[in-house]
Amino acid sequence: MSLFKGPMRTHLNGHKDLTEHGEVVSLNPSKVSIPLFAGADTNPEILVNVGDEVKVGTKIAQFSSRFVIPVFSSVSGKVEAIEDQLHQSLKKVKHVVIASDGKFTKESNPTIDYEKASKEELVDFMMNAGIIGCGGAGFPSYVKYKFAKDVEKLIINAVECEPYITSDYKTVELHFDEMLLGIKAMQKMCEPKEVLIAIKKSHPELIQFVNEKLNGEKDIRCVSVPDVYPMGWERTLVYELTKKRYDKLPAEVGCVVNNATTAYMFGKAMTTGEPIVSRMLTVSGDGVKEPKNVEVPVGTSFHEVVEACGGYTGEDMVVCFGGPMMGGTVTTDAVSVERQNNALTVLKKQAIDEVACLRCGSCSDHCPSGLQPVRINQAAKLKDNERLGKLRVDKCIECGMCTYVCPSKIAVTENVRRAKRAYMMANAKK
Ligand code: SF4
Ligand code: SF4
């Protein structure tokens, strides 16, 4: 069944101006704690021991049970500990703690010439370089290309629809040539009829910049998309550019979608051999003194990142990895940056006076997945799994829109998210 796509008419205040035009600052932490986390795969092979010397780009672990996902050191120095620490998922997860020597000596990892390499060689290279979705998802990118066939469009997602986040825009602006190299290799790997770089209409300067850089490129063009939320969501973006809907994967309608920063990381790995060891992170929100984009080694603590941005503006803060709509909230800043993180959003905590549901229907009207949050909530209270299934609770993308529009200040998204978890767990036990 394909999903009904909701009305998509909400423009959010982006607050992008807080960081969009500022300088990017690089961080040089004295220590990193690199999480060994790959969702359901909890059994990585750890390739280093305490006391080992490592360089930037040394492979320190690898997940292989479901997908191949190598993990690399982000600094040069000595492995100090391999221990359980709190992770962004709020679970205890094994981390490799490395004391940096401050020299950032690089491992000599292989490079590749995409023009000479075969498609299979490029897919293997992408897998071994640990290229994952850098827009927040963290899905290993090689999987999309390994099985790609009959591809109409390769879509490079630089929409960045969440408020506050500008790290993709900055990456496009500062690293265009490496991004384009990554895109061309991706193009070779999936052989699409055309390649589209999608940017929101509200960023004409960036669109002009990309168009000028693409001048003379065949089959690669920049397209502008409406400034509504959640336009950067894969399903919405694919619909916007193809007018086709799919059930599970964009491949069903001939599309491969990758984030702009992912393309840059791939291009960089091809030319320098360096896997994803550091990344651009937008640190913004009214809870941080000096919002800015920072270049951060993977494994740097959130605390250190916020300190590099002048610290918190007060005592009581909400810290999200990602943006305020879809991002996850952490209870402490003693957790580490991962390679798929694109932002750290810090907001002042606000007292919320929730009142009873007005039955206004606004949450249903604005849901991009066409769901009915009030009915989902009722079915969840009755523990009616069959009804939750019929209401397609599994299709909630946790976009935060239903809470955002609710005049009663009800945590609608949280209720739907809980119902979705309960439904998925009940189904998994069957
Ligand atoms: S979070 Fe709310 S608005 Fe977003 S998909 Fe889920 S139910 Fe719909
Ligand atoms: S938006 Fe809020 S008040 Fe309106 S129907 Fe949904 S939950 Fe009720």
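Residues numbered from 1 in each chain as written. Chains lettered and ligands numbered in written order. Predicted model: local features only at pLDDT ≥ 70, side-chain atom pairs only at ≥ 80, totals over all residues. Heavy atoms only, no water.

K.L.:
Which residues make up the domain arrangement of the chain, and what values go with them?
P.N.:
What the domain assignment reports for the chain is domain 1 (19-27 + 106-350) and domain 2 (362-429). With centres defined by C-alpha atoms, the gap from domain 1 to domain 2 works out at 28 Å. Listed by partner, the interface residues are 7 residues for domain 1 and 9 residues for domain 2. Summed over both partners, the interface of domain 1 with domain 2 comes to about 710 Å²; 65% of that surface belongs to carbon and sulfur atoms. Taken as a group, Trp233, Met325 and Met326 account for 61% of the area that domain 1 buries against domain 2, more than any other trio of residues on that side. On the surface where domain 1 and domain 2 come into contact, there are 1 salt bridge. Measuring nitrogen to oxygen at the nearest pair gives 3.5 Å for the salt bridge that ties Lys395 to Asp247. (Domains from an automatic or database assignment. Contact = heavy atoms within 4.5 Å. Buried area = accessible area lost by both parts, 1.4 Å probe. Salt bridge = Lys/Arg side-chain N within 4 Å of Asp/Glu carboxyl O.)

K.L.:
Quick one: what's the story with the packing of helix α4 (residues 176-190) against helix α5 (residues 204-214), residue by residue and with numbers?
P.N.:
The interhelical angle for the contact between α4 and α5, taken along N-to-C directions, is 65°, at an axis separation of 12 Å. Considering only the axes of α4 and α5, their crossing is right-handed. Listed contacts from α5 to Phe176, Asp177 and Leu180 of α4 are Phe209, Val210, Lys213 and Leu214. Its residues assigned to classes, the contact of α4 with α5 shows 5 nonpolar, no polar and 2 charged. (Axes fitted to C-alpha atoms, helices over the stretch in contact; angles between N-to-C directions. Helix = DSSP H or I, 4+ residues; strand = E, 2+ residues; numbered from the N terminus. Left-handed = near helix turned anticlockwise from the far one by under 90°. Nonpolar A, V, L, I, M, F, W, Y, C, P; charged D, E, K, R; others polar.)

K.L.:
Explain the pairing of strand β8 (residues 92-100) residue by residue, including any values.
P.N.:
As defined by bridge partners, strand β2 (residues 31-35) adjoins β8 across 5 bridges and the pair is classed as antiparallel. Its bridge partner being in β8, Ser33 is matched across the sheet by Val97. Sheet topology places strand β7 (residues 77-86) next to β8; 9 bridges connect them, and they run antiparallel. What sits directly across from Val79, in β8, is Ile98. Counting the residues between successive antiparallel strands, the hairpin from β7 to β8 contains 5 residues, one of them, Leu90, with a positive phi of roughly 65°. (Pairing = 2+ DSSP bridges.)

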